[in-house]
Amino acid sequence: MANIKGILFDKDGTLVDFQATWFAIGDAMALRAAGGDRGTADRLMAAAGYDFGAHRFKGDSIFAAGTNADIVALWYPHLAADERQAMVADFDTLTAIEGAAQSVPLPGSKEAVARLHAAGFRLGVATNDSTGGAEKTLLALGIAQMFDAAYGYDAVANPKPAADTIIAFSDLTGLKPSEIAMVGDNRHDLEMARAGGAGLAIGVLSGTGTRETLEPMADAVLDSIAELPAFLAVRG
């Protein structure tokens, strides 16, 4: 069994309530892309992964698992490369500011992070949001001081599900990948854990993923990170 000394957390759906935080932001972005047309905006939201019938984002969708670059490519397919890059930078700024301002912590998440930090675990964030967005959200939640680093899609050459963030966190902390647990609510979190040789791949049901999608790839599936301190304590 892995001797876990560090933990990488996904952000949205793991630390932050994805649905409560991101619907209004995503809807405003879609309405802008649609030139103010409500019907077109709804179609863009659906294409990016919002299920209007269930009133939630679908697991492993572009909205749930992708980057702003993925969203821009989907919604603005005809932009030239330089225009697309400028739009991604604009989306990064918007989502960093609004994502932090509207962030809703999942129940028990801040307390769990505090317990894990007090127990001596090295903590990091691995998200497909921008690095600036991750850092601003940690500050807004009042837990930034407990984290060694936050890695967005723009902090590494290859974002999730590639192994780059596991390697970067390992280099920063001096921990072996086998001493790091990756915790997230989508399959790409678990895929990154496997690709990077992480000691544990832990799925949580607090975001857009389901037990059916996470269990085949996870070492464990928890309801939320509120259960993580006790889970790791039992493992020793």
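Could you clarify how one ought to interpret helix 11 (residues 228-235) in this entry?
An α-helical segment advances 3.6 residues per turn. Residues three or four places apart therefore align on the same side. Inspection of helix 11 places Leu228, Pro229 and Leu232 among the buried residues, and these make up the whole buried set. Burial along helix 11 is one-sided: seen end-on, the buried residues are contained in an arc of 100 degrees. Exposed residues lying more than 90 degrees from the buried face of helix 11 are Ala233 and Val234. On its buried face, helix 11 is in contact with strand 1 (6-9), helix 6 (109-118), strand 6 (180-184), strand 7 (200-204) and strand 8 (220-222).

Teacher, can you tell me more about the pattern of salt bridges here?
When the charged atoms of two side chains lie near each other, side chains of opposite charge can form a pair. Under the defined criterion, the tally for this structure stands at twelve salt bridges. Salt-bridge contacts for Asp148 lead to Arg122; the nearest nitrogen and oxygen are separated by 3.0 Å. Here Asp148 is found in the loop between helix 7 (131-141) and strand 5 (149-151), whereas its partner Arg122 is found in strand 4 (residues 122-126), with 26 residues between them in sequence. Using a relative accessible area of 34% as the deciding quantity, one classes Asp148 as partly exposed. For Arg122, a relative accessible area of 30% translates into the label partly exposed. Its salt-bridge partner being Asp219, residue Arg194 comes within 3.2 Å of it at the nearest N-O pair. With Arg194 in helix 9 (residues 187-196) and Asp219 in the loop between helix 10 (211-214) and strand 8, this pair connects stretches of sequence that are 25 residues apart.

Honestly, the sheet that holds strand 7 in this entry has me stumped. Any pointers?
Paired through their backbone hydrogen bonds, the strands of a sheet run either parallel or antiparallel. Overall, parallel pairing links the six strands, which are arranged 5-4-1-6-7-8 in an open sheet. Where the open sheet ends on each side, the last strands, each with one partner, are strand 5 and strand 8. Taken pair by pair, the neighbouring strands of this sheet meet at an average axis angle of 25 degrees, ignoring direction. Here strand 4 runs beside strand 5; their pairing, made up of three bridges, is parallel. Note on strand 5: the bridge partner recorded for Ala126 is Tyr151. Sheet strands in contact with helix 7 are strand 4 and strand 5, and its direction is about 140 degrees off that of strand 5.

Conventions adopted
Residues numbered from 1 in each chain as written. Predicted model: local features only at pLDDT ≥ 70, side-chain atom pairs only at ≥ 80, totals over all residues. Heavy atoms only, no water. Buried < 20%, exposed > 50% of the residue type's maximum accessible area, 1.4 Å probe, protein only. Helix = DSSP H or I, 4+ residues; strand = E, 2+ residues; numbered from the N terminus. Arc of directions from axis to C-beta. Contact = heavy atoms within 4.5 Å. Salt bridge = Lys/Arg side-chain N within 4 Å of Asp/Glu carboxyl O. Pairing = 2+ DSSP bridges. Axes fitted to C-alpha atoms, helices over the stretch in contact; angles between N-to-C directions.

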